[in-house]
Amino acid sequence: MKHHSIVWHKNVKKRHSIVWHKNVKKRHSIVCVHVFSLWAHSVNCLDRHVHTCPERVALIWERDEPGSEVKVTYRELLEMTCRLGNLLRHRGVKRGDCVTIYMSPCPLAVASMLACARIGAAHNVVFAGFSAEALAERIRDARSSTVITVNQGVRGGKVTELKRTVDTAVQSCPTVQQVFVAMRTENPVVMTAKDVAMEEEMLKEDVVCEPAAMDSEDVLFLLYTSGSTGKPKGLVHTQAGYLLYAALTHRYVFSYHDGDVFGCVADIGWITGHSYSVYGPLANGGTTVLFESTPIYPDPGRYWEMVQRLKINQFYGAPTAIRLLLKYGDQWVHKYDRSTLKTLGSVGEPINTEAWEWYHSVVGDGRCPVVDTWWQTETGGICIAPRPSDPDAEIVPGMAMRPFFGIKPVLMDTEGKVVTSNNTSGALCIAQPWPGMARTIHNNHQRFTETYCQPHPGYFFTGDGAYRSKEGYYQITGRLDDVINVSGHRIGTAEIEDVVNQCSAVAESAVIGYSHNIKGQGVYAFVVLKKSVEVEEADVSRQLTVMVSKNIAKYACPDCIQFVQRLPKTRSGKIMRRVLRKVVECELNGLGDLSTLDDPTTVQEIIQGHRDLL
Ligand code: 6R9
């Protein structure tokens, strides 16, 4: 065990208590004066609580190996954050810079986010499952000069070479001047001239770091997400509104109370991890779980064994995992004591009734309200969800129910008019701004207005469709654009097509999402090969899988590839994805109007090819 490892291993507390010198509390209480007037972000999440309850556990790092969790108090997290803030400052990171963080969930990842916030730099967390190319694209767009990573990641018993991925990525990122490398495992990695041994250097820094005074509208972070066209977009969230909204929704949607242990199992690389593993719970002085593993490691009882061991009060996860665990059977749940659970949350994609009922009756023993929370990277926090703390709250299975405070949802019909009646569906828009909404797309405000503001002038367009019941409750029906949702991960079909089309044997392609009983949606690719090349379809399939995984991430790989002679197109050359979707869902009676197709026989060929694949 390395002497400098700051939080990776147990028994850390003792070793480091020496570095927490006597005067610190006092000095931090001065810092606290800043809290309410200047919105210094990490102060609201840390110093405030260190002042009142320094020994409260802020983070429980649920490491991959069950039973090896590490607890970090508010005092320790502040210390870690300050050291890192100082290190970043001394190494030239300034207010307004953007630091890219490529780490799996761990205390140093949270400290990295908060250290950026403390010195006024924006953070850009990139999901550690993304490939080197996807990471590089995000580093370049964010123009980061500093990247923070770990030597290796550990998940589901497997080790991933995160530092090596960063090495490859930074080769095509001329802006990157330094890479901070923390040691998650004890395996050494090759260090280059740009690399900084993070923990070693942190130990040389002071434990007090003056927080930057920030304006409420200054940038807090960028987070890249997929859109229906083009490259991923770096949504920009700001200081005050975002934190307020994350904190309020965390408290009211989940009925969070002081002393509760909040278990959000999302990765910190997604907005759910930002708002409900980090900012919301920490702003409320809560104890939050950072989950490093998978729902089925080492067995399908992992979540519930963890709930029992950590005494989790609120559990927040994705329908895809619930559907998967449901299939393994109730015995994995019954094995463990879940009596601490008070609220169960669901996020990321629609939750089907079967999964909802199982979550409610088996996991929650029929006594915990299930909150199906609808929101997006763009919205910063939960916008539509039941609020069980409300005594009149009815919860209908599979429905996101009612808007949160300050959210005014509206439905638009196909002509762009607001639908006022109930028991109807439409495009989901939001009628007025709310504190947590993204303010822009990094370096591309025009794309922001085009995507969200112009489709329905005067309203924020979410890209989702929704149904409003006769009682006025909302149910989200899915995306209206070419964004699909694979295991709760958002991906644009255009992004996958871009990669598929780079294959030298491919003439063109069309990618769609289809219903998948575990993942929610699977990826289905229609591929037209170039006439001039002689290749085996199976070889191309293998090649495409490798390419997508290398250029984007494993979750974006096609589940099914169908080779076709032609794609159905309109006379103006647009691919009719609607037709492809119907073929794949076997809804041949619902193909709709085919009169605009340039050659209707194409559809018959595709139907036949699909049958052959089944
Ligand atoms: C928080 C998050 C956003 C998209 C969103 C929608 C889908 C999220 C949902 C849901 C139905 C829910 N989505 N929550 N669909 N019911 N409770 O997931 O953000 O990754 O940006 O995805 O996910 O389609 O537009 P993000």
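Calculation criteria
- Residues numbered from 1 in each chain as written.
- Predicted model: local features only at pLDDT ≥ 70, side-chain atom pairs only at ≥ 80, totals over all residues.
- Heavy atoms only, no water.
- Phe/Tyr/Trp six-rings, centres within 6.5 Å; stacked < 30°, edge-to-face > 60°.
- Helix = DSSP H or I, 4+ residues; strand = E, 2+ residues; numbered from the N terminus.
- Buried < 20%, exposed > 50% of the residue type's maximum accessible area, 1.4 Å probe, protein only.
- Lys NZ or Arg CZ within 6 Å of the ring centre and 35° of its normal.
- Right-handed = clockwise from strand over helix to strand, strands pointing away.
- Pairing = 2+ DSSP bridges.
- Near = heavy atom within 4 Å.
- Polar contact = N/O pair within 3.5 Å; in protein donor to acceptor, adjacent residues only side chain to side chain.
- Areas by Shrake-Rupley, 256 points an atom, 1.4 Å probe, with all protein chains shown as cover.
- Nonpolar A, V, L, I, M, F, W, Y, C, P; charged D, E, K, R; others polar.
- Patch = residues over 30% accessible without salt bridge, like charges linked within 9 Å, V, L, I, M, F, W, Y side chains within 5 Å.
- Salt bridge = Lys/Arg side-chain N within 4 Å of Asp/Glu carboxyl O.

*Asks:* Even after reading the chapter, I still don't get the packing of aromatic side chains, so can you show me in this structure?
*Replies:* To describe a pair of aromatic rings, one takes the distance between the centres and the angle between the planes. The final tally for this structure, using the stated rule, is 25 aromatic pairs. With a centroid separation of 4.9 Å and an interplanar angle of 85°, the aromatic rings of F221 and Y242 are classed as edge-to-face. Placement of F221 in strand β10 (residues 219-225) and of Y242 in helix α10 (residues 239-253) is noted, with a sequence separation of 21 residues between them. Just as F221 is buried, Y242 falls in that class too. With a centroid separation of 5.2 Å and an interplanar angle of 90°, the aromatic rings of Y276 and W375 are classed as edge-to-face. Within this pair, whereas Y276 is found in helix α11 (residues 271-283), its partner W375 is found in the loop between β16 (370-373) and β17 (409-412), the two being separated by 99 residues in sequence. An aromatic cluster is built from F254, F262, Y276, Y316 and W375, whose rings are joined through pairwise contacts. We note R63 situated over the ring of W61; from NZ or CZ to the ring centre the distance is 5.4 Å.

*Asks:* What exactly am I supposed to notice about the pairing of strand β3 (residues 98-102) here?
*Replies:* Regular strands have side chains that alternate between both faces of the sheet. Judged by how many residues are buried, β3 sits mostly within the fold: 5 of 5 residues are covered. Each parallel crossover has a hand, and the one from β3 via helix α6 (residues 107-119) to strand β4 (residues 122-125) is right-handed. As paired elements, β3 and strand β5 (residues 146-150) share 4 bridges and run parallel to each other. Considered in β5, the bridge of V99 is made with T146.

*Asks:* How do you make sense of the site of the ligand when you look at a structure like this?
*Replies:* Lining the immediate surroundings of the ligand are 17 residues, of which D372, T377, D464, R479 and R490 lie closest. Between the ligand and T377 there is a distance of 2.5 Å, counted from an oxygen atom to a side-chain nitrogen or oxygen. Take R479: an N or O atom from its side chain is 2.7 Å from an oxygen atom of the ligand. Notes on the ligand: free accessible area 530 Å², of which the protein chains cover 96%. Split by residue class, the shell around the ligand holds 6 nonpolar, 6 polar and 5 charged.

*Asks:* Is there a simple way to think about a nonpolar patch on the surface in this case?
*Replies:* A contiguous nonpolar patch, built from L244, L248, Y252 and F405 and spanning about 330 Å² of accessible area, is present on the exposed surface. Along the chain, L248 falls in helix α10. Note on L248: relative accessible area 31%, which makes it partly exposed.

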